[in-house]
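One-letter residues, chain by chain:
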Amino acid sequence: MELDDLKQTWKQSEVKNLNTDIMKLIQHKSYGPIAALKREFRKQIIVMMILPVMLILTNADDISRVLTSVMFWSYVAFCLGIIVFAWYNYRIVKKMEVMDGMVKSNIEQQVNILETRLKWKVIALRIVLLYFILLTEIVPYFQHYRMLDKWHSLSPVIRFGSYAALLLLQYFLSAKVIRRKFGTHLNYLKDLMREMQVE
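Residues numbered from 1 in each chain as written. Predicted model: local features only at pLDDT ≥ 70, side-chain atom pairs only at ≥ 80, totals over all residues. Heavy atoms only, no water.

Trainee: I tried to follow the packing of aromatic side chains on my own but got confused; where do I start?
Mentor: Any pair of aromatic rings gets described here by the distance separating the centres and the angle formed by the planes. Scanning all chains against the criterion turns up 10 aromatic pairs. Ring plane angle 20° and centroid distance 4.7 Å describe the contact between F41 and F182, whose orientation is recorded as stacked. Pair noted here: F41 is in helix 2 (residues 33-58) and F182 is in helix 7 (residues 156-195), with a separation of 141 residues, a long-range link. This pair shows no difference in class: F41 is buried, exactly as F182 is. Counting every residue linked through ring pairs, the aromatic cluster contains Y75, F78, Y131 and F132. (Phe/Tyr/Trp six-rings, centres within 6.5 Å; stacked < 30°, edge-to-face > 60°. Helix = DSSP H or I, 4+ residues; strand = E, 2+ residues; numbered from the N terminus. Buried < 20%, exposed > 50% of the residue type's maximum accessible area, 1.4 Å probe, protein only.)

Written out as C-alpha cells, the structure reads:
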C-alpha cells in the first residue's frame, strides 16, 4: 500500500513539475508566446496612434482642409477602432502573463477569445476597405481634392478594376499577415496547453 502511495505521489509531482515548466515557458517575459503577442498588440497601438499625426504633419500647409475632410476623420475613426481592439486584446494577454495560478482551461479559454477576435478583425478590415472604396467614389461629389479628382478622371473600368484587385489582395494578405503576427503564437500556446497534463 505504501508503495502505491509513493508511486502516486511521485507521478503527481512529475506532472506538477512538467506543468510548472510549461507555464514558465508560456509566461517568459522576453521570448514566450505571451510576450510576443503583447509586443504585436503594443506595436499596433503605437502605429495607429502615429499614423493620423503623420497625416496631419504631411498636410500642415493646408491643415483646415484636412480637419474638414470626411476621409481624414474616417481614417481617424478606423485608427481609434484598431487601438481599442488591440488594447482589449493586450489586456487579455497581460492577464495570461500575470496569473500564476491559471489553470489549463482558463488559458485555453483566453486563447479561444483571442482567436475569435482575430477572425472578427479580418472581417472588419474587409468591411472598412469597402467603406473607404465607397468614400473614394462618393466624396468628390461634395468635397474636392486634387488627388481624388485625378482618380475620378480615370476610366471607371480602371478604377473598379483597381478596387477589385485591392479587395482580392486584401482578402488573401490580411488573413496571412494576421496569421503570421498572431496565429503562430496562439498555435504555439495551444500546443503547449496540449502538453500540459491534468494534475
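Trainee: What's the story with a nonpolar patch on the surface in this structure? I'm lost.
Mentor: Taken together, the side chains of I46, M49, I50 and M54 present a nonpolar region at the surface, about 380 Å² in accessible area. Tracing the backbone shows M54 in helix 2. The class of M54 is partly exposed, set by a relative accessible area of 45%. (Patch = residues over 30% accessible without salt bridge, like charges linked within 9 Å, V, L, I, M, F, W, Y side chains within 5 Å. Areas by Shrake-Rupley, 256 points an atom, 1.4 Å probe, with all protein chains shown as cover. Salt bridge = Lys/Arg side-chain N within 4 Å of Asp/Glu carboxyl O.)

Trainee: How should I be thinking about the environment of W73 in this particular structure?
Mentor: Structurally, the position occupied by W73 is in helix 4 (residues 70-98). Residue W73 is classed as partly exposed on the basis of its relative accessible area of 45%. With near-sequence residues (within four places) excluded, W73 lies in contact with V66, L67 and T68. (Contact = heavy atoms within 4.5 Å.)

Trainee: Can you help me understand helix 2 in this one?
Mentor: One turn of the α-helix equals 3.6 residues, which is why residues spaced by three or four share an orientation. A rise of 1.5 Å per residue sets the reference length of helix 2, with its 26 residues, at 38 Å; its end C-alpha atoms lie 37 Å apart and thus fit the reference within 8%. Within helix 2 the residues assigned to the buried category are P33, I34, A35, A36, L37, K38, E40, F41, Q44, I45, M48 and P52. (Expected span 1.5 Å × (residues − 1).)

Trainee: Would you mind showing me how to read the environment of Q110 here?
Mentor: Position of Q110 among the secondary structure elements: in helix 5 (residues 104-138). Sequence-wise, Q110 and M96 are 14 residues apart; in three dimensions their C-alpha atoms are separated by 7.7 Å.

Trainee: Got a minute to help me understand the packing of helix 2 against helix 7 in this structure?
Mentor: Put simply, helix 2 and helix 7 touch, their axes get as near as 9 Å, and they point 155° apart. In terms of their interaxial angle, helix 2 and helix 7 are classed as roughly antiparallel. Classified by chirality, the crossing of helix 7 by helix 2 is left-handed. Of the residues in helix 7, those in contact with P33, I34, A36, L37, E40, F41 and Q44 of helix 2 are K181, F182, H185, L186, Y188, L189 and L192. Its residues placed into classes, the contact of helix 2 with helix 7 shows 10 nonpolar, 2 polar and 2 charged. (Axes fitted to C-alpha atoms, helices over the stretch in contact; angles between N-to-C directions. Parallel < 35°, antiparallel > 145°, perpendicular 65-115°, else oblique. Left-handed = near helix turned anticlockwise from the far one by under 90°. Nonpolar A, V, L, I, M, F, W, Y, C, P; charged D, E, K, R; others polar.)

The values reported here are purely geometric and, on their own, carry no functional implication.
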